[in-house]
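# Coordinate analysis (summary)
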Amino acid sequence: MRDYALTRPARRGLAAAAVLAVLALAGFAAVRAIAPPAQRAATAPPDEFSAARAFTQVETIAAVPHPAGSAANDTVREHLLTTLRGMGLTPEVQDTVTVQGGTLSASAGGTGLARVRNVVTLIPGTASTGRIFLVAHYDSAQIAPGGNDDAAGTSTILETARALKAGGPLRNDVVLVLTDAEEACLCGAKAFTDQHPLARDGGVVLNLEARGSSGPAIMFETSEGNGRLVEAYGHVPYPVGTSLAVEIYRLMPNDTDFTPFLDAGFQGLNSAYIDGAAVYHAPTDTPESMNRDSLQHHGDNALALTRELGGRDLTALEGGDATYFPVVGLLIRYPGSLVWPLTLLAVLAVGLLGFLVVRQKRATGRRLAAAAGLTLIPIVVAPLLAQGLWSLLILIRPEYGGLPIDPYRPLWYRLAVIALAALTILTWYALLRRRVGPAALAVAGFGWLAVLGIPLSAYTPGGAYLTTLPALAGALTALVAILVPDLFAVVAIAAGGIVAVVILLPTVLMFFPALGMPMAGVGALLTVLLGLALLPVVDLIHPATGGARGMEAIRARRHGALPTLTAAVAVLACTVTGLAVDRFDAEHPSLTHLMYAMDADTGTARWLSEEADPQVWTAQYVAGDPVTTTDSLPAFGAEELRSGPAPAATLPAPNLTLVTDTRTGDGRTLRLRLAPQRTVRFVTLHVAAGTWITAATVGGRPIAPTGEAGGGWGFGFVFHAPPKDGVEVELTLRGTDPVRLRAMDASDDVTRLPGFQARPAGVGVLGSHSSEMVAVAKTYTL
């Protein structure tokens, strides 16, 4: 039987071992390059960033939960002011009300507003060409201390400012913006961009976030026309970022403080570390949960990038979008104008490879066509198997279904997904190798990578490199391999494999924490793409396809089955190890969600939960199918919740007072005061559906009187961190008939209510903006 492989080395085993060793080294280097650096001690030089120094700030900032408007938030703000003044700076507090009609506000059943108190500081430049804004939010979620989100960003800015003051002055101004009410509605950032004089001329914003407790600080979002900014980012000591993440994030509804700056026309970059996401917005987001190496990564890059931009002409940053990705400690980048040429070049290179393979009789046109169709199998099957694995894990451990993103210790599960994708590729290849031929399968693998580059170039051009470059490198090196002697052919195949590994492997590892195990299929798909790019290498670990007979052929088949068997054992071993390692306990609790809502009109109350499949602890409170609650709780919007009866607590409803009622012709203008009668996080007000409102002002800010909450309620708003004496509301109505309004306020103390049973050890609180909420609503007719 003829050997149809791309390479035919005489000493196949030695060649395979050498190539695998080289690829293993390349993989190790690629993985190591995206790992955060080791934390630097407090004794580090004063002009350098020290995670140890910054962590002392984290411990103070994240001592307790400190949502906007809370007394704990006031304490944190005073600490920030004291710290900045101790550096010789003159911080100010921007105390104002702002409107933010973004996605977070919409989820609360109306327009979002907040009273915010941003901490703003200017470090003047020597001959400024513009301003660099270092941004992080100092508030936390209502139940989370915020050790990572976002004490990490806030402490990074404080330590960066200290290092900047210790070094020489920069050419450009640096503005420190420590925002309030990010968790509530991005309102602090919105207030700054809309109202603060320092924001009037725009500039470059560097936003610092954390959506977990560990991992590299990834630069995951940019403004449009990012080419020159990405070039500047390439000068930081540990660049980790990919334009694919930017493209995906632009398509998603997620927001950070970066969003209001983008909407206001600022240029900039957004960075965060995102692994260890089980603590996100949860009580477990403590300083102790933080990986200080991640904090060091945040700080090293923030300080270096501030200094880099601090010496540049900020008026010359316009340019097109760049494609970029990390490769062994470097940030490879090229202009977006090369995306389509490289894509077409990859398609042409694969086409030429296919032509030569047929001409050299390593495959026939029919085999190439068959291989192209059959290559869809691993592309489709591996992601399905990965999702099936996660479903199986939830079946074994139902508490996983309540996790927002990832288990606490997901490493072994991620390795199981990678092994499962490898098992799929190896099984598929072993079954088809002799029937279709190694050369045909290799061409088909490169072909699918090249073809996938076409829709990526069209819809997510920053992500096209992920398939285009491995396809191009693989096809070109394969062309060399079939035209040169065997030794050089093996070297060529290894070179193509190195390109695939250093490009695709870091992406696989970055996207696992980004999307989490609930979307394990994406990690499996990326692993399959890497496998397709490595098919010529995979062939080397199999016996030659020609010449074997009898027992020799049987031994060859057994030898060829070893990689598949190894992958199967790895899947099982990693899964079992993951189950053994990742157990729920007091420090790593399963996550539950519970709220309490009381209707002051009827004196009745109910428990509510957003858990799709209530856990044992939650099931004692709620049952039945999820339903909407907009009839009595319009502030919750269309969200479906499970409910159950609850004992009525003695809780005062928010007070809605009519200050003035001015009637002119066929209309009325109502001046109202909405005042909570207890300590709350926010208040809401909704008007009965069908009421014609022509104008509305809340807290002195005009808002659009539009929207429909449902359940018989129309226009409404949610006001976060309301003043103790309440919020002034002015509504101009068409008509003089009585108008019904539904007022609600919300605190976060469900554990104090009658009927609440303490969670047992190993059961915790889900990181949700409505976890532990206590809502009281009342209807008023005016």
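Residues numbered from 1 in each chain as written. Predicted model: local features only at pLDDT ≥ 70, side-chain atom pairs only at ≥ 80, totals over all residues. Heavy atoms only, no water.

A separate point is the pattern of salt bridges. Any two side chains of opposite charge can pair, given that their charged atoms come close. Here the structure, examined in full by the defined rule, presents 26 salt bridges. Linking Arg312 and Glu231 is a salt bridge whose minimum nitrogen-to-oxygen distance equals 2.6 Å. Of this pair, Arg312 sits in the loop between α11 (292-310) and β8 (322-327) while Glu231 is found in helix α8 (residues 227-233), placing the two residues 81 residues apart along the sequence. Three or more residues are tied together by salt bridges with common partners; here these are Arg12, Arg433 and Asp539. (Salt bridge = Lys/Arg side-chain N within 4 Å of Asp/Glu carboxyl O. Helix = DSSP H or I, 4+ residues; strand = E, 2+ residues; numbered from the N terminus.)

Okay, the sheet that holds strand β19 (residues 701-703) next. In space, the 5 strands of this open sheet follow the order β15-β16-β21-β18-β19, with antiparallel pairing throughout. Among the strands making up the open sheet, the edge pair consists of β15 (655-664) and β19. In this sheet, neighbouring strand axes are inclined to one another by 20° on average, regardless of whether the strands run parallel or antiparallel. In terms of strand pairing, strand β18 (residues 693-698) meets β19 through 3 bridges, oriented antiparallel. Looking across to β19, one finds that Ala696 is bridged to Ile703. (Pairing = 2+ DSSP bridges. Axes fitted to C-alpha atoms, helices over the stretch in contact; angles between N-to-C directions.)

What follows deals with the state of the cysteines. According to the stated counting rule, one finds 1 disulfide in the structure shown. Two residues share a disulfide in this structure: Cys185 and Cys187, whose sulfurs sit 2.0 Å from each other. Between Cys185 and Cys187 the disulfide shows an S-S torsion of about -125°. By sign, it is left-handed. Taken as a pair, Cys185 and Cys187 share a single burial class, namely buried. (Disulfide = S-S within 2.5 Å. Buried < 20%, exposed > 50% of the residue type's maximum accessible area, 1.4 Å probe, protein only.)

To continue, consider the layout of surface pockets. Quantified by volume, the second largest pocket comes out at close to 920 Å³. Surrounding the second largest pocket, 26 residues form its lining, Leu20, Ile418, Ala422, Leu530 and Leu534 being those nearest its centre. Going through the elements one at a time, α1 (12-33), α15 (411-436), α18 (486-515), α19 (520-533), α20 (535-540) and α21 (550-581) are the ones with two or more residues in the lining of the second largest pocket. With 7 residues, α15 is the single largest residue contributor to the lining of the second largest pocket. Classifying every residue of the lining of the second largest pocket by side-chain character gives 22 nonpolar, 4 polar and no charged. (1 Å grid on protein atoms, 1.4 Å probe; cavity = no way out; pocket = protein on both sides within 12 Å on 5 of 7 lines; lining within 4 Å. Points joined across faces, edges and corners; volume = space filled by probe spheres on them. Nonpolar A, V, L, I, M, F, W, Y, C, P; charged D, E, K, R; others polar.)

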